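Structural description and commentary
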Amino acid sequence: MATKERYINLFTDYGFKKIFGEEPNKNLLLDFLNELLKEEQGKIRDLTYLKTEQLGDTHIDRKAIFDLYCENERGEKFIVELQKSKQNFFKDRALYYSTFPIREQAERGDWNFKLKAVYTVAILDFVFDEDKDQPKKYRYDVKLSDVETNRVFYDKLTFIYLEMPKFTKKLEELTTRFDKWLYVIRNLNRLERIPDTLREQVFDQLFDSAEIARFTPDQVRSYEKSLKYYRDMKNSLDTAFDEGKEEGMKERDREIVIHAFQQGFDIKMIADLTGLSVEEVEAWNPNIKK
């Protein structure tokens, strides 16, 4: 499968991690997070990539595998997740993931329980059903707050959701650096050259890193495999969600799993993407005679 696009699709695993998850491009992630968190973070001066696989406290605990996990110079943690398709209980998953960087801060012996801040950033290639009545609102900043006063009760746990399909600004409508970042994330693979509006050093670097013609043959193959996976899984899961919209939750889960198996995805992959357990996925495997 040869792609005709000049630049990679940032919603593929390969594209996302090449631009934001590689040490030579760390300044791109740093710039993006600085624009995203400018008002409350101040300036993040440095980031350190951490291992993305997190284990539970015991061997029977579930583990978490983050897309990106990093730490700034103040010891604050950042989980950056790319979600390509609708997923049951995605908000639950984001909350569960946030517990790992919280728990790993525990110190042995006497400890006063003081914690560093944890940020979970979710870049979504879909819109939550409950958000469809707000077509202009694409960014959600979530903290623990008091219901009556709306005052933030605890400011060290933050979830930021970016519903990218709602970001529809055109080049001439981009007024901030953050606008430019969202435009690039959503439209990179649709562009044929760097627009004059984006002629800044950080975006020049991004476009250079994202140009498929600069890839080695192995990199091209890896990207094309990731692109096929993205297209197939997104179509499969989105179709299943749409078809199952009026059905019960359990029936919708079953339809999603069957669609995924029909597309050739393995059990673990389906479990990771749907949030279901391996046992639940296996129970609906149409390839196993009941």
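Just above, that's the structure.
Thresholds applied
Residues numbered from 1 in each chain as written. Predicted model: local features only at pLDDT ≥ 70, side-chain atom pairs only at ≥ 80, totals over all residues. Heavy atoms only, no water. Helix = DSSP H or I, 4+ residues; strand = E, 2+ residues; numbered from the N terminus. Buried < 20%, exposed > 50% of the residue type's maximum accessible area, 1.4 Å probe, protein only. Areas by Shrake-Rupley, 256 points an atom, 1.4 Å probe, with all protein chains shown as cover. Axes fitted to C-alpha atoms, helices over the stretch in contact; angles between N-to-C directions. Parallel < 35°, antiparallel > 145°, perpendicular 65-115°, else oblique. Left-handed = near helix turned anticlockwise from the far one by under 90°. Contact = heavy atoms within 4.5 Å. Nonpolar A, V, L, I, M, F, W, Y, C, P; charged D, E, K, R; others polar. Salt bridge = Lys/Arg side-chain N within 4 Å of Asp/Glu carboxyl O. Pairing = 2+ DSSP bridges. Phe/Tyr/Trp six-rings, centres within 6.5 Å; stacked < 30°, edge-to-face > 60°. Right-handed = clockwise from strand over helix to strand, strands pointing away.

Comments concerning the overall build of the protein chain
The number of helices and strands found in the protein chain is 10 helices and 8 strands. Looking at the protein chain as a whole, 49% of its 290 residues are labelled buried. Surface summary for the protein chain: the accessible area is close to 16000 Å², and the carbon and sulfur share equals 50%.

Focus on the packing of helix α2 (residues 26-36) against helix α6 (residues 201-210)
To characterise two packed helices, one gives the angle between the axes of the helices and the distance between these axes. In the contact formed by α2 and α6, the axes pass within 10 Å of each other and the chain directions differ by 130°. The orientation of α2 with respect to α6, classified from their angle, is oblique. Relative to α6, the crossing made by α2 is left-handed. Contacts from Asn-27, Leu-28 and Asp-31 in α2 reach Val-202, Gln-205 and Leu-206 in α6. Along the lines of polarity and charge, the residues of the contact of α2 with α6 split into 3 nonpolar, 2 polar and 1 charged.

Comments concerning the pattern of salt bridges
According to the stated counting rule, one finds 23 salt bridges in the structure shown. A salt bridge links Lys-26 to Glu-23; the nearest nitrogen and oxygen atoms lie 3.0 Å apart. For Lys-26, a relative accessible area of 18% translates into the label buried. Residues joined in a network through salt bridges with shared partners are Arg-6, Asp-208, Glu-211 and Arg-214.

Observations regarding the pairing of strand β8 (residues 152-163)
Pairing geometry for strand β6 (residues 118-124) and β8, over 7 bridges, is parallel. Within β8, the residue paired with Leu-124 across the bridge is Glu-163. Where strand β7 (residues 139-145) meets β8, 6 bridges bridge the pair, whose relative direction is antiparallel. Note that in β8 the partner of Asp-141 across the bridge is Ile-160.

Remarks on the packing of aromatic side chains
This structure, assessed with the given rule, holds 21 aromatic pairs. Taking 5.2 Å as the distance between ring centres and 10° as the angle between the ring planes, the aromatic pair formed by Phe-78 and Tyr-119 counts as stacked. Of this pair, Phe-78 sits in strand β5 (residues 77-83) while Tyr-119 sits in strand β6, and the two are 41 residues apart along the sequence. Classification of Phe-78 as buried rests on a relative accessible area of 0%.

Side note on the pairing of β5
β5 sits mainly inside the fold: 7 of its 7 residues count as buried. Of the two faces of β5, the one carrying Lys-77, Ile-79, Glu-81 and Gln-83 and the one carrying Phe-78, Val-80 and Leu-82 are both buried. What sits between strand β4 (residues 68-72) and β5 in their antiparallel hairpin is a turn of 4 residues, with Gly-75 showing a positive phi close to 85°. Inspection of the sheet shows β5 paired to β6 by 7 bridges, in the parallel sense. Residue pairing across strands places Ile-79 opposite Thr-120, the latter belonging to β6. As a crossover connection, the stretch from β5 through helix α4 (residues 90-103) into β6 is right-handed.

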